[in-house]
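Working through the structure, step by step
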Amino acid sequence: ELPRTFVLIKPDAVRRGLVGEVLSRFERKGLTIVALKQVQVTPELADEHYAEHVERDFYPPLRTFITSGPSVAVVLAGDEVVEAVRLLNGATDGRKAAPGTIRGDLSLSNRENLVHGSDSAESAAREIALWFPELEG
Ligand code: CMP
């Protein structure tokens, strides 16, 4: 009954050993981990997840990056969780994200920005169904 959101901890975070750091920030905020798994993202899954971006100039290198190594897919629950996660993640571009946020503290890139969080309740429902078909609604 608490709202849920989808988070992808991206390959840069896994390579840099920051999975625990990122999860820890969500846990310390008081959010609940509902599901979690390591995933090697395929180009097909990347295209589905980023369907709204596939025609953008930045998409080909984004697809190369997101499939470049394992990621960790997470479903989080909590009060106003979609907004809470977006605030914790910070602005998309790590160079401009506020200090205190995951990206602001730990990323200097617009692409390798460590985490993805659903941008709305509708996106969260779509992304959770895509990444965790085994989870019941
Ligand atoms: P994410 O929240 O996963 O949603 C889309 C992703 O595309 C974004 O995080 C970044 O990783 C990437 N992205 C968005 N805009 C740009 C850009 N201008 N240049 C490179 N990558 C981008």
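Predicted, not measured: the structure shown is a model, and the values here were computed from it. (Residues numbered from 1 in each chain as written. Predicted model: local features only at pLDDT ≥ 70, side-chain atom pairs only at ≥ 80, totals over all residues.)

1. Side note on helix α7 (residues 121–131)
The following threshold applies: Residues with at least 20 neighbouring C-beta atoms inside 10 Å of their own are called buried, those with 12 or fewer are called exposed, and the rest are partly exposed, where every C-beta is derived from the backbone. Working definition: helices are DSSP H or I runs of at least four residues, strands are E runs of at least two. Numbering for both runs from the N terminus. Along the arc lie the directions from the helix axis toward the C-beta atoms. Here the contact rule is simple: place C-beta atoms from the backbone, and any two residues whose C-beta atoms are within 7 Å are in contact.
Looking at α7, one finds that the buried residues are A124, E127, I128 and W131. For α7, the arc enclosing every buried residue in end-on projection is 100 degrees, short of the 170-degree limit, so these residues lie on one face. Away from the buried face of α7 by more than 90 degrees, exposed residues E122 and A129 are located. Close packing links the buried residues of α7 with β1 (4–9), α3 (43–49), β3 (71–77) and α5 (81–89).

2. Things to note about the UniProt feature "binding site: ATP" (unreviewed entry) in the protein chain
This is how it is decided: UniProt positions are given in the numbering used here, feature names are shortened, and annotations may be inferred rather than shown by experiment.
Sites flagged by UniProt as "binding site: ATP" (unreviewed entry) map to K10, F58, R86, T92, R103 and N113. Relative to the assigned elements, K10 resides in the loop between β1 and α1 (11–15). The exposure class of K10 is buried, given the 26 C-beta atoms found within 10 Å. Every residue in contact with K10, bar those within four places of it in the chain, is listed here: I66, S71, L114, V115 and H116. Structurally, R86 can be placed in helix α5.

3. Some points on the site of the ligand
Spelled out, the test is: To decide nearness, the C-beta atom of each residue is placed from the backbone, and the residue is near a molecule or strand if that atom lies within 6 Å of it. Think of it as three bins: nonpolar holds Ala, Val, Leu, Ile, Met, Phe, Trp, Tyr, Cys and Pro, charged holds Asp, Glu, Lys and Arg, and polar takes everything else, Gly as well.
By nearness alone, every residue bordering the ligand is listed as H53, F58, L62, T92, N110, R111, N113 and H116. Along the lines of polarity and charge, the residues of the shell around the ligand split into two nonpolar, five polar and one charged.

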